[in-house]
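Breakdown of the fold
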Amino acid sequence: MGEFHEAVIIGGGPAGLTAGIYLMRAGIDAVLLERGMVGGAPLQYEHIENYPGFPEGISSRELMERMTAQARHFSLSIKEFAGVEEVFFRNGRFLTRTTDGEFESMGVIVATGAGPMKMGIPGEAELTGRGISYCATCDGMFFRGLDVAVIGGGDSAIQEGMTLANLVRRVYIVHRRDQLRAQKILQERAFANPKMEVLWNKKPLRIEGKDQVESLVLEDTKTGEQSTLAVSGVFFYVGLVPETAFLGDLVDRDEGGFVKTHDNLCAKTEGLYIAGDVRRKTLRQVTTAVGDGALAAVNLEHYILENR
């Protein structure tokens, strides 16, 4: 058998780190497994303005570094670059198989979040990393002085578009409808930014370019008319895909693949709790991830104390 801990937390974003803080403070031996570096989805953004306690906002990197330091302060064992391949449940125990060995536990909290959805249009796969990106904070610097397109109309698309506007010459927001879904305050900032332009009722058909992105072919959703937009980069923000494949049939999922939970955040398998963006919910923010992490941890603590 693998290394034993009372609780295994999968995912090192705000939900996972909060769960770790709560479990360690409650005297539950926990280990956190993260397939990359700790920090999670917030690291895709430069600045967070709506996390309580920071009137001027805070750098997303600093916020996640503080959460990580707090978890380490309570002696949470954190294993980075430990990609989870599968979770099994047998004889009242969970076995989590990773690229860094196996971990046995009484309970598991899954806080793996969700990754960017691919559109699957021609040119997307071929030119990913050569002008196509899903993270403005990661790749924006490569497009200094160039024109780029952002696909989407929600909070992420507009936030990332504004990040890009600080670096590039022009940002085209390509949206298939005639109004944005983003928060009003974000919309107002985008409309006021001289470097940002919204292309209404347009959907991308294909991305063209030999070795690098050269243009984006668009279709008008009302007239069907096609047009070509010359850009050097295309950033996609069209939805999220939850990271749940490793859970097999231990959980029930909705049509989008997000895990269904009870009110106490337990999945259909007893002892398995789900927190953050990976579960079915209506709002995906750092604040809600932190709340999920705390609730999942407290309920897992009760489960472990009853079954020790």
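Presented here is an overview of the structure given in this document. This is a predicted model, so every value here is computed, not measured.

1. Digging into the state of the cysteines
On inspection of all chains with the given rule, the structure shows one disulfide. Between the sulfur atoms of Cys-135 and its disulfide mate Cys-138 the distance is 2.1 Å. Residues Cys-135 and Cys-138 are joined by a disulfide whose S-S torsion is about 75 degrees; by sign, that bridge is right-handed. What makes Cys-138 partly exposed here is its relative accessible area of 41%.

2. Some details on the pattern of salt bridges
This structure, assessed with the given rule, holds 13 salt bridges. Asp-147 is the salt-bridge partner of Arg-169, the closest N and O atoms lying 3.0 Å from each other. With a gap of 22 residues between them, Arg-169 in the loop between helix H5 (155-165) and strand E14 (170-174) and Asp-147 in strand E13 (residues 147-151) connect regions that are remote in the sequence. Assessed through its relative accessible area of 53%, Arg-169 is described here as exposed. Glu-208 is the salt-bridge partner of Arg-206, the closest N and O atoms lying 3.0 Å from each other. Judged by relative accessible area, which is 32%, Arg-206 ranks as partly exposed. The exposure class assigned to Glu-208 is partly exposed, which follows from its relative accessible area of 31%.

3. Some words on helix H6 (residues 184-192)
Leu-186, Gln-187 and Ala-190 are the residues of H6 that are buried. Summarising the axial view, the buried residues of H6 lie within an arc of 100 degrees, below the 170-degree limit, and thus occupy one face. Turned more than 90 degrees away from the buried face of H6, the exposed residues are Lys-184 and Ala-192.

Procedures and definitions
- Residues numbered from 1 in each chain as written.
- Predicted model: local features only at pLDDT ≥ 70, side-chain atom pairs only at ≥ 80, totals over all residues.
- Heavy atoms only, no water.
- Disulfide = S-S within 2.5 Å.
- Buried < 20%, exposed > 50% of the residue type's maximum accessible area, 1.4 Å probe, protein only.
- Salt bridge = Lys/Arg side-chain N within 4 Å of Asp/Glu carboxyl O.
- Helix = DSSP H or I, 4+ residues; strand = E, 2+ residues; numbered from the N terminus.
- Arc of directions from axis to C-beta.

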